[in-house]
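These are the residues of each chain, in order.
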Amino acid sequence: MRVKFTHNQNKLTLPETCGSGETPEPAIGIMKKIYLDHAATTPVDKKVLKAMLPYFSRVFGNAMSLHSFGQEAVKATEKARRQTADFFGCDSDEIVFTSGATEANNLAVKGVVKAYCNAWTSDVQERAKTPGGHRMSPLTKPHIITTIFEHHCVLDACKSLEKEKVAEVTYIKPGSDGVIKIEDVEKAIRKNTILVSIMYVNNEIGTVQPIAAIGKMIKARNAKHSMFHVPRLTTLFHTDATQAVNYFECDVDKLGVDLLSMSAHKIYGPKGIGILYIKKNTPIARVQDGGDQENKKRAGTHNVPGIVGLGAALAEVQSEKLKVYPVKSSRSEDAKGVFNRVKELRNYLIKRVLKEIPDTKLNGSKTKRSPNNANFSFANVEGESLLLMLDAEGIAASTGSACSSGSLQPSHVLLSLGIKPEQAHGSLRVTIGKYITKKEIDIFINKLKEIIEQLRKVAGNVLNDYYAK
Amino acid sequence: MYSKKVIEHFTHPHNQGAIDNPDGVGIVGNPVCGDLMKIYLKIKKDKKRGEYIQDVKFETLGCASAIATSSMITDLAKGKTLTEAKKISREDVADALEGLPPIKMHCSNLAVDGLREAIEDYEKKK
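Residues numbered from 1 in each chain as written. Chains lettered and ligands numbered in written order. Predicted model: local features only at pLDDT ≥ 70, side-chain atom pairs only at ≥ 80, totals over all residues. Heavy atoms only, no water.

**Section: the overall build of chain B**
Threshold: Note on conventions: DSSP H or I runs of at least 4 residues are helices, E runs of at least 2 residues are strands, and numbering of each starts at the N terminus. Burial classification: accessible surface area is computed with a 1.4 Å probe over protein chains only, and a residue below 20% of its type maximum counts as buried, one above 50% as exposed, and the rest as partly exposed. Any pair of residues with heavy atoms lying within 4.5 Å of one another is described as a contacting pair. Using the Shrake-Rupley algorithm and a 1.4 Å probe, accessible areas are obtained, with residue cover drawn only from the displayed protein chains.
Across its full length, chain B carries 5 helices and 3 strands. Sequence-ordered secondary structure for chain B, helices as α and strands as β, is α-β-β-β-α-α-α-α. Counting across all 126 residues of chain B, residues that qualify as buried make up 55%. The long-range fraction of contacts in chain B, counting pairs at least 24 apart against all pairs at least 6 apart in sequence, stands at 63%. Just so you have it, chain B exposes about 5,500 Å², and 48% of that area is on carbon and sulfur atoms.

**What about the side chain of B:Asn15?**
Residue and element names in this part refer to chain B. Note the threshold: N or O atoms closer than or at 3.5 Å make up a polar contact, with two conditions inside protein: a donor-capable atom paired with an acceptor-capable one, and, for residues adjacent in sequence, both atoms drawn from side chains.
On the secondary structure map, asparagine 15 appears in the loop between helix H1 (4-11) and strand E1 (24-30). Overall, the relative accessible area of 17% leaves asparagine 15 in the buried class. Within the structure, asparagine 15 has its side chain in polar contact with the side chain of aspartate 75 (distance 3.3 Å). Within the structure, the side chain of asparagine 15 is placed 2.9 Å from the side chain of lysine 78, a separation counted as a polar contact. Excluding its chain neighbours within four sequence positions, the residues that come into contact with asparagine 15 are Val56, Lys57, Phe58, Thr74, Asp75 and Lys78.

**A closer look at a nonpolar patch on the surface**
Going by this rule: Candidate patch residues must exceed 30% relative accessible area and have no salt bridge, after which like charges are joined if within 9 Å and Val, Leu, Ile, Met, Phe, Trp or Tyr side chains if within 5 Å. Salt bridges are defined by distance alone: a side-chain nitrogen of Lys or Arg within 4 Å of a carboxyl oxygen of Asp or Glu.
On the surface, A:Leu49, A:Leu53 and A:Phe56 cluster together to form a nonpolar patch covering roughly 300 Å² of accessible area. For A:Leu49, the location among the structural elements is in helix H2 (residues 46-52).

**Remarks on the sheet that holds strand E9 (residues 360-362) of chain A**
All names here are of chain A. So the rule is basically this: Here, any two strands with at least 2 DSSP bridges between them count as paired. Geometry is summarised by axes, namely lines fitted to C-alpha atoms with helices restricted to the contacting stretch, and by angles between N-to-C directions that run from 0 to 180 degrees.
Pairing is antiparallel in the open sheet, where 3 strands are placed in the order E9-E10-E12. At either end of the open sheet lies a strand with only one pairing partner, and these are E9 and strand E12 (427-431). Averaged over all neighbouring strand pairs, the angle between strand axes comes to 25°, with direction disregarded. Pairing between strand E10 (residues 373-378) and E12: 5 bridges, direction antiparallel. The partner of phenylalanine 376 across the bridge, within E12, is leucine 428.

**Here's the deal with the interface of chain A and chain B**
Going by this rule: Each of two parts loses accessible area, computed with a 1.4 Å probe, when they are put together; buried area is these two losses added.
At the interface, 30 residues of chain A touch 32 residues of chain B. Here chain A meets chain B over a buried area of about 2,400 Å², counting both sides, of which 67% is carbon and sulfur. Our enumeration of links across chain A and chain B arrives at 3 salt bridges. With a shortest N-O distance of 2.9 Å, A:Glu384 and B:Lys104 are connected by a salt bridge. Looking at the side of chain A that touches chain B, the elements that each hand over two or more residues are helix H13 (383-392), helix H15 (421-425), helix H16 (438-459) and helix H17 (462-468) of chain A.

**Re the packing of H13(A) against H16(A)**
Residues and elements named next belong to chain A. Worth spelling out the cut-off: Under this scheme an angle from 65 to 115 degrees is roughly perpendicular, one under 35 degrees roughly parallel, and one over 145 degrees roughly antiparallel; angles in between are oblique. Should the near helix be turned anticlockwise from the far one by less than a right angle, the crossing is termed left-handed; should it be turned clockwise, right-handed. Under this grouping Gly is polar, as are all residues other than the nonpolar Ala, Val, Leu, Ile, Met, Phe, Trp, Tyr, Cys and Pro and the charged Asp, Glu, Lys and Arg.
Look at H13 against H16: their axes get within 10 Å of each other, and the N-to-C directions meet at 130°. Classified by the angle their axes make, H13 and H16 are oblique. Note that H13 runs across H16; the crossing there is right-handed. Contacts between H13 and H16 involve Ser385, Leu386, Met389 and Leu390 from the first element and Phe444, Leu448, Ile451, Ile452, Gln454 and Leu455 from the second. Across the contact of H13 with H16, the residue classes break down as 8 nonpolar, 2 polar and no charged.

**What about the sheet that holds strand E3 (residues 50-61) of chain B?**
Residue and element names in this part refer to chain B. Strands sit in the order E1-E2-E3 across an open sheet of 3 strands; the sheet is antiparallel. Two strands close off the open sheet at either side, each with one partner strand: E1 and E3. Going across the sheet, the axis of each strand differs from the next one's by a mean of 20°, ignoring polarity. As paired strands, E1 and strand E2 (residues 35-46) are joined by 7 bridges and run antiparallel to one another. Its bridge partner lying in E2, valine 25 is registered against tyrosine 40. Of the strands in this sheet, E2 and E3 are in contact with helix H2 (residues 64-77), which crosses E3 at around 170°.

**Examining the pattern of salt bridges**
Residue and element names in this part refer to chain A. Across all of its chains, the model carries 25 salt bridges over all chains by this definition. Lysine 447 is paired through a salt bridge with glutamate 393; the nearest N and O atoms lie 3.6 Å apart. Residue lysine 447 is found in helix H16, and its partner glutamate 393 is found in the loop between H13 and strand E11 (395-396); the two are separated by 54 residues along the sequence. Relative accessible area serves as the criterion here: at 23%, lysine 447 is assigned to the partly exposed category.

**Focus on the nonpolar core**
Quick note on the threshold: For our purposes a nonpolar core is just a set of buried Ala, Val, Leu, Ile, Met, Phe, Trp, Tyr and Cys residues, chained together by side-chain atoms within 4.5 Å. Note: domain ranges come from an automatic or database domain assignment.
Counting 121 residues, the largest nonpolar core has A:Phe88, A:Tyr200, A:Phe378, A:Leu386, A:Phe444, A:Leu448 and B:Leu115 as the members making the most contacts within it. Residue contributions to this core peak at 8 residues, all from H16(A). Mapped onto the domain boundaries, this core takes at least three residues apiece from domain 1 (7-45 + 332-468) and domain 2 (52-319) of chain A.

**Some words on helix H5 (residues 101-128) of chain A**
Think of an α-helix as 3.6 residues a turn; residues three or four steps apart then line up on the same face. Short version of the rule: Between the first and last residue of a helix there are one fewer steps than residues, each counted as 1.5 Å, and that sum is the expected span. To get the bend at any residue, fit one axis to the seven residues that end at it and another to the seven that begin at it, then take the angle between the two axes.
The end-to-end C-alpha distance of H5(A), which contains 28 residues, comes to 40 Å, matching closely the 40 Å that a straight helix rising 1.5 Å per residue would cover. Helix geometry: H5(A) is bent most strongly at A:Gly111, by close to 25°.

**With respect to unusual backbone geometry**
Residue A:Asp359 is not a glycine yet carries a positive backbone phi of 55°. Summarising the element assignment, A:Asp359 is placed in the loop between helix H12 (333-356) and E9. Unusually for a residue other than glycine, B:Asn21 sits at a positive phi of about 45°. Counting through the fold element by element, B:Asn21 comes out in the loop between H1 and E1.

**Quick look at the state of the cysteines**
Residue and element names in this part refer to chain A. We apply this condition: The term disulfide is used for any two cysteine sulfur atoms that are within 2.5 Å.
The final tally for this structure, using the stated rule, is 0 disulfides over all chains. No disulfide involves cysteine 158; its sulfur sits 9.9 Å from that of cysteine 153, the nearest cysteine. In this structure cysteine 158 comes out as buried when scored by relative accessible area, which is 0%.

**Here's the deal with the packing of aromatic side chains**
Residue and element names in this part refer to chain A. Here is the rule: Any pair of Phe, Tyr and Trp rings, taking the six-membered ring for Trp, is counted once the centres come within 6.5 Å. Such a pair is stacked with planes under 30 degrees apart, edge-to-face with planes over 60 apart, and tilted for the rest. Throughout this description, the term charge over a ring refers to an Arg CZ or Lys NZ atom that lies within 6 Å of the ring centre and within 35 degrees of the ring normal.
Per the counting criterion, the structure on display carries 8 aromatic pairs over all chains. Relative to phenylalanine 339, the ring of tyrosine 247 lies with its centre 6.3 Å away and its plane at 70°, an arrangement referred to as edge-to-face. Of this pair, tyrosine 247 sits in the loop between strand E6 (236-240) and helix H9 (252-255) while phenylalanine 339 sits in helix H12, placing them 92 residues apart in sequence. Across the pair, exposure class does not vary: tyrosine 247 and phenylalanine 339 are buried alike. Ring geometry for phenylalanine 248 and phenylalanine 339: centres 6.2 Å apart, planes at 85°, overall edge-to-face. Linking phenylalanine 248 in the loop between E6 and H9 with phenylalanine 339 in helix H12, this pair joins segments that are 91 residues apart in sequence. What makes phenylalanine 248 buried here is its relative accessible area of 7%. Geometry around tyrosine 268 places lysine 434 over its ring, the cationic atom sitting 4.3 Å from the centre.

**Details of the environment of B:Val112**
Residues and elements named next belong to chain B. The residue valine 112 is located in helix H5 (residues 105-125) in this model. Here the alpha-carbon distance between valine 112 and lysine 86, two residues 26 residues apart in the chain, equals 8.4 Å. Among all residues touching valine 112, those that are not within four sequence positions of it are Ile73, Ile88, Ser89, Arg90 and Val93.

Printed below as a string of structure tokens:
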């Protein structure tokens with residue numbers, strides 16, 4: 001393979017040029033880029049962009065201002081809030097706009113713990129007023145359950161609470177198929193468990209977690225304990241649904257969640273905007289102080305164009321019927337059509353790669369995974385080299401999460417499946433989107449074959465020689 | 001992220017491959033960090049200069065900078081006497097590659113280590 005850097009000449013395929021399924025042939029000498037990293041981010045849809053544009057300079061008011069400029073802005077944010085609430089099957093006032101899923105996840109984890117600690121403090125003060133009341137039991141440290149393969153924003157939020165000694169955390173391991181077992185979650189619940197946080201779809205391997213079943217189990221446990229008046233805290237359930245919104249059931253009642261996070265840029269919306277769904281009466285304290293925005297749950301001036309974009313992107317997902325209902329679908333065949341198109345393309349990709357490239361493994365369950373995700377381990381290949389070689393050919397994929405690309409450690413997600421570090425280093429995440437064509441997949445696979453052959457040649461027998469040493 | 005020179009050596013590595021019946025071999029790195037490198041040496045004796053590296057080749061499983069530094073160390077070491085070759089530092093390799101990202105500096109360390117181990121292997125066998 002002869003690689004030449006021609007990035008500045010490259011043309012990026014924009015959705016409008018490939019929405020029809022037919023992409024124009026690039027001019028000779030110009031390499032058309034292929035984007036296979038939709039789990040990292042997606043391009044903003046034309047319709048979404050159009051909806052956002054008036055809210056940058058024409059309708060620029062602060063949504064908290066009382067004058068007409070502010071009222072125009074608030075009209076837009078409230079419309080988006082309704083669109084969002086419709087999508088998740090909740091009330092408008094249960095939606096809190098944040099700067100993205102990272103902030104939403106931090107608010108969920110830290111906010112629940114903070115509310116618990118605040119309630120205890122006021123309880124102590126209250127009791128201290130009555131004779132003998134100050135001799136109440138000391139604060140029970142709250143307990144959180146999460147998974148070992150969460151996104152770093154949830155993991156690190158939990159770790160920082162552990163470090164500050166304000167919470168205990170249990171990290172549940174998935175099975176080798178990348179799926180969390182409900183029994184493992186149930187076994188981990190203690191008297192002081194105030195929060196269970198489990199991602200809906202894993203961002204690296206795309207495996208789908210049984211959120212609705214876990215939600216049901218938690219609800220049943222909460223109900224049982226309150227019925228028998230067992231002194232026990234209510235366990236709240238949070239899911240990071242960032243990678244699930246495009247393709248999976250997101251009705252909060254059906255999922256049985258108290259808290260749900262997502263961000264717009266994974267669903268063909270803008271970056272810098274996301275939500276935390278907070279079920280009514282859920283004890284949560286804000287972690288960002290300032291103004292009274294978002295029912296005093298998240299301070300900071302509203303990102304009006306972003307909020308409008310998020311609402312439009314969700315409406316688009318709904319109207320395009322990209323969603324699929326895993327159990328029984330009352331939706332038209334159309335709904336399954338888009339889901340299946342992406343899935344069929346991805347299955348074709350997996351089948352060809354496993355068949356045509358020797359010593360290749362698919363990471364994570366073959367069936368319980370998001371329709372747009374494929375994650376491979378290639379023996380005797382290092383992921384970053386593979387990624388850069390592909391990039392030089394105008395193909396964008398990823399080794400794992402884009403957020404961890406600054407780290408040299410092998411992926412914590414792959415290691416959690418029991419994969420050896422050298423296999424984890426040789427991984428490639430391919431995430432397709434709704435505009436990807438079969439032709440693009442074919443170009444990718446053909447290049448991938450060449451590059452892997454080349455990199456394996458460069459590596460020679462060094463791995464075996466190392467172990468023989 | 002990477003300099004042009006790094007990409008050049010990564011995509012078109014010099015002296016890549018194995019040497020049959022090498023005089024010295026060095027294997028460094030570990031699979032946990034993701035980079036493994038094997039350096040092969042062919043040593044020749046010269047009356048005037050003493051022992052020098054007649055040929056050097058490498059096999060590397062690793063990131064772009066691991067491959068680029070392997071390629072660069074073979075360029076730097078080829079033709080040098082053993083005394084000269086031992087003096088090549090990780091900074092020399094990084095400088096010749098027009099710099100490396102700070103997080104990747106350990107990789108150039110690896111190439112230097114590989115060369116030194118291969119020379120030691122030769123000297124032990126003598």
